[in-house]
Amino acid sequence: MARSPFGLDTKLVHAGEPEPRIEGAVGMPIFQSSTYEYAGATSYHDLKYIRLSNTPNHRVLHAKLAALENAEAALVTASGMAAVSTTLLTVLRAGDHLLAQNCLYGGTHDFVTRDFPALGLTVDFVDGDRPETWKAKLRPETKAIYVETMSNPLLEIADLEAAARFAREHGLVSIIDNTFASPVNFRPPEHGFDLSIHSCTKYMNGHDDIVAGAVIGRRALVEAANLKLGHLGGALDPHAAFLLHRGMKTLGVRVRQQNASALAIARFLEGHPSVAQVRYPGLESHPRHERARRLFEGFGGMLAFELRGDVAAADRVLERVELPISAPSLGGVESLITRPATTSHSGMAPEDRRRLGIADGLIRLSVGIESTADLIADLEQALG
Ligand code: PLP
């Protein structure tokens, strides 16, 4: 499939597939070979080798991922963090400075705060919802701005359009972690972002059985990231590439089900007497609901809520639910439930959590593809 007047679901199934099909295979075969017979390559990076991310299993994913976000190019990586670190090390070099949203995914936050100093890199955090404050943090050596489509676990939505605009006005590379939205709900290159990052471990693969990542966006930057990935060694294994490819084909149907189910659950929770507050961009009560309506095609499968009771009450709900599995991570077919203060955000100082509005009793739910009525009934008995 060459050019794409096609819809996202068609591209998920057909974009990038080998033409002609390999031995007629409808499913993409796994090329479990680290090295390939010499075919006249004149440079190291033209040799076919798994670490150089250029085997048939990589190439099909690159074409499909780029098509999904209507971007020039894409690269798969061995994990979401490989995508994050490789991207940042591609656009920044010693002496450079990064502006980053102040409520980043914990692994990314750790990377820019703990690893940057030894690399000669600096970072300043900005409130993603207050673009008028960003210019004060700008320095001559600032090279990029980094945001996330929705924050974890509070589902805040930064002024994403302003971030892309700010980057253009000041000659920065704009980078967004689009993991929570997936290309079904938001496609950053269409909104002016240079690079979009995914932890494909989550919605893209959707089955909680691999870790993988992706960098999608402008060709020159993606090619530079590919060279950097070859040096850092974070290439995706062909078997994981095969599973990601297979998982992605159902991304559209999964995410639309998760969008619809999460909205119904959020409405149910908002009307429940034991629930003090629900965070979900699809609710009119969400402070940036209008922004979410304008930018997103769906509001996603992630929601967070606080009970009227104490932390023990939150733990009782986690113990009583029968369908959502108590586990970190997100975006798979199984619903997962956690209390971020004890899992994803346990490494953060309690006062920092409080400053960001992450209450100790906050519960985060990654809505899977189980029947919505069953999930609501389960939450109802657990809250009861
Ligand atoms: N970005 C976001 C928003 C995430 O939630 C995660 C993981 O939870 C990552 C990046 C890192 O992805 P991975 O675990 O695949 O390395």
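Preceding this paragraph is the structure being described.
Since this is a predicted model, take the numbers as computed values, not measurements.

Trainee: Quick question: what am I supposed to make of the site of the ligand here?
Mentor: The ligand sits among Ser 79, Gly 80, Met 81, Tyr 105, Asp 177, Thr 179, Phe 180, Ser 199, Thr 201, Lys 202 and Ala 212. Here an oxygen atom of the ligand and a side-chain polar atom of Ser 199 are 2.8 Å apart. Between the ligand and Lys 202 there is a distance of 2.9 Å, counted from an oxygen atom to a side-chain nitrogen or oxygen. Contact with the protein chains removes 89% of the 390 Å² of surface that the ligand exposes when unbound. For the shell around the ligand, a count of residues per class yields 4 nonpolar, 5 polar and 2 charged.

Trainee: I tried to follow the pairing of strand E4 (residues 142-148) on my own but got confused; where do I start?
Mentor: Consecutive side chains of a regular strand alternate in pointing toward one face of the sheet and then the other. Of all 7 residues in E4, 6 are buried, a share of seventy percent or more. Bridging between strand E2 (residues 97-101) and E4 involves 4 bridges; their strand directions are parallel. Within E4, the position partnered with Leu 99 by the bridge is Ile 145. Taken together, E4, helix H5 (residues 160-170) and strand E5 (residues 173-177) constitute a β-α-β crossover, and its handedness is right-handed.

Trainee: Would you mind going over the side chain of Asp 159 with me for this structure?
Mentor: With respect to the secondary-structure elements, Asp 159 resides in the loop between E4 and H5. Among the residues examined, Asp 159 registers a relative accessible area of 15% and is labelled buried. In this view, Asp 159 contacts Gly 128, Asp 129, Pro 131, Trp 134 and Arg 291; residues no more than four positions away in its chain are not counted.

Trainee: Can you walk me through the sheet that holds strand E11 (residues 336-338) in this structure?
Mentor: Sheet strands line up and pair through hydrogen bonds in the backbone, either parallel or antiparallel. With respect to topology, 5 strands assemble into an open sheet ordered E8-E9-E12-E11-E10, the strand pairing being mixed. Each of the sheet's edge strands pairs with one partner strand only, and the pair in question is strand E8 (275-279) and strand E10 (325-326). Strand direction decides the pairing type here: strand E9 (residues 302-307) and strand E12 (residues 363-366), joined by 4 bridges, are antiparallel. Looking across to E12, one finds that Ala 304 is bridged to Arg 364. In the packing of helix H9 (residues 251-270) onto the sheet, the strands contacted are E8, E9 and E12, and the crossing angle to E9 comes to about 10°.

Trainee: Looking at this structure, I do not really get helix H3 (residues 80-91). What am I missing?
Mentor: The periodicity of an α-helix, 3.6 residues per turn, causes residues three or four positions apart to be oriented the same way. Its 12 residues give H3 an end-to-end C-alpha distance of 17 Å, which sits within 8% of 16 Å, the value for a rise of 1.5 Å per residue. Taken across its 12 residues, H3 has 11 buried, putting it largely inside the fold. Listing the buried residues of H3 in full gives Gly 80, Ala 82, Ala 83, Val 84, Ser 85, Thr 86, Thr 87, Leu 88, Leu 89, Thr 90 and Val 91. For H3, the N-terminal cap is Ser 79; the gap from its side-chain oxygen to the backbone nitrogen of Met 81 is 3.3 Å.

Trainee: Please explain the sheet that holds strand E7 (residues 213-217) as it appears in this structure.
Mentor: Spatial strand order, E1-E7-E6-E5-E4-E2-E3: 7 strands in an open sheet with mixed pairing. Strands with a single pairing partner mark the edges of an open sheet, and in this sheet they are strand E1 (73-77) and strand E3 (122-126). Between one strand axis and the next, the sheet turns through 20° on average, direction left out of account. In this structure, E5 lies alongside strand E6 (residues 195-199), joined through 3 bridges in parallel fashion. Within E6, the position partnered with Ile 176 by the bridge is Ser 196.

Trainee: Where do I start with the packing of aromatic side chains in this structure?
Mentor: Two aromatic rings are characterised by how far apart their centres lie and by the angle between their planes. One pass over the structure, following the stated rule, counts 4 aromatic pairs. Their ring planes at 75° and their centres at 5.6 Å tell us that Phe 111 and Phe 116 sit as a pair that is edge-to-face. Each ring, one from Trp 134 and one from Phe 166, has its centre 5.5 Å from the other, and the planes form 90°; the classification is edge-to-face. Highlighted residues: Trp 134 in the loop between E3 and E4 and Phe 166 in helix H5, separated in sequence by 32 residues. In this structure Trp 134 comes out as buried when scored by relative accessible area, which is 1%.

Trainee: Honestly, a nonpolar patch on the surface in this entry has me stumped. Any pointers?
Mentor: Together, Tyr 38, Tyr 44 and Leu 47 line one region of the surface with nonpolar side chains, adding up to about 330 Å² of accessible area. Residue position: Tyr 44 is located in the loop between helix H1 (8-14) and helix H2 (56-68). A residue is classified by how much of its surface remains accessible, and Tyr 44, at 42% relative accessible area, is partly exposed.

Trainee: Before we go on, may I ask you to explain the packing of H3 against helix H7 (residues 219-232) in this structure?
Mentor: Two quantities define a packed helix pair, namely the angle between the helix axes and the distance between the axes. Contact geometry of H3 with H7 gives a least axis separation of 9 Å together with a crossing angle of 115°. Between H3 and H7, the angle is such that the two are roughly perpendicular. Remark: the crossing between H3 and H7 carries right-handed chirality. Along the contact surface, H3 presents Thr 86, Leu 89, Thr 90 and Val 91, while H7 presents Leu 221, Ala 224, Ala 225, Lys 228, Leu 229 and Leu 232. Residue composition of the contact of H3 with H7, grouped by class: 7 nonpolar, 2 polar and 1 charged.

Definitions and cut-offs
- Residues numbered from 1 in each chain as written.
- Predicted model: local features only at pLDDT ≥ 70, side-chain atom pairs only at ≥ 80, totals over all residues.
- Heavy atoms only, no water.
- Near = heavy atom within 4 Å.
- Polar contact = N/O pair within 3.5 Å; in protein donor to acceptor, adjacent residues only side chain to side chain.
- Areas by Shrake-Rupley, 256 points an atom, 1.4 Å probe, with all protein chains shown as cover.
- Nonpolar A, V, L, I, M, F, W, Y, C, P; charged D, E, K, R; others polar.
- Buried < 20%, exposed > 50% of the residue type's maximum accessible area, 1.4 Å probe, protein only.
- Helix = DSSP H or I, 4+ residues; strand = E, 2+ residues; numbered from the N terminus.
- Pairing = 2+ DSSP bridges.
- Right-handed = clockwise from strand over helix to strand, strands pointing away.
- Contact = heavy atoms within 4.5 Å.
- Axes fitted to C-alpha atoms, helices over the stretch in contact; angles between N-to-C directions.
- Expected span 1.5 Å × (residues − 1).
- Phe/Tyr/Trp six-rings, centres within 6.5 Å; stacked < 30°, edge-to-face > 60°.
- Patch = residues over 30% accessible without salt bridge, like charges linked within 9 Å, V, L, I, M, F, W, Y side chains within 5 Å.
- Salt bridge = Lys/Arg side-chain N within 4 Å of Asp/Glu carboxyl O.
- Parallel < 35°, antiparallel > 145°, perpendicular 65-115°, else oblique.
- Left-handed = near helix turned anticlockwise from the far one by under 90°.

By themselves, these figures tell us nothing about what the structure is for.
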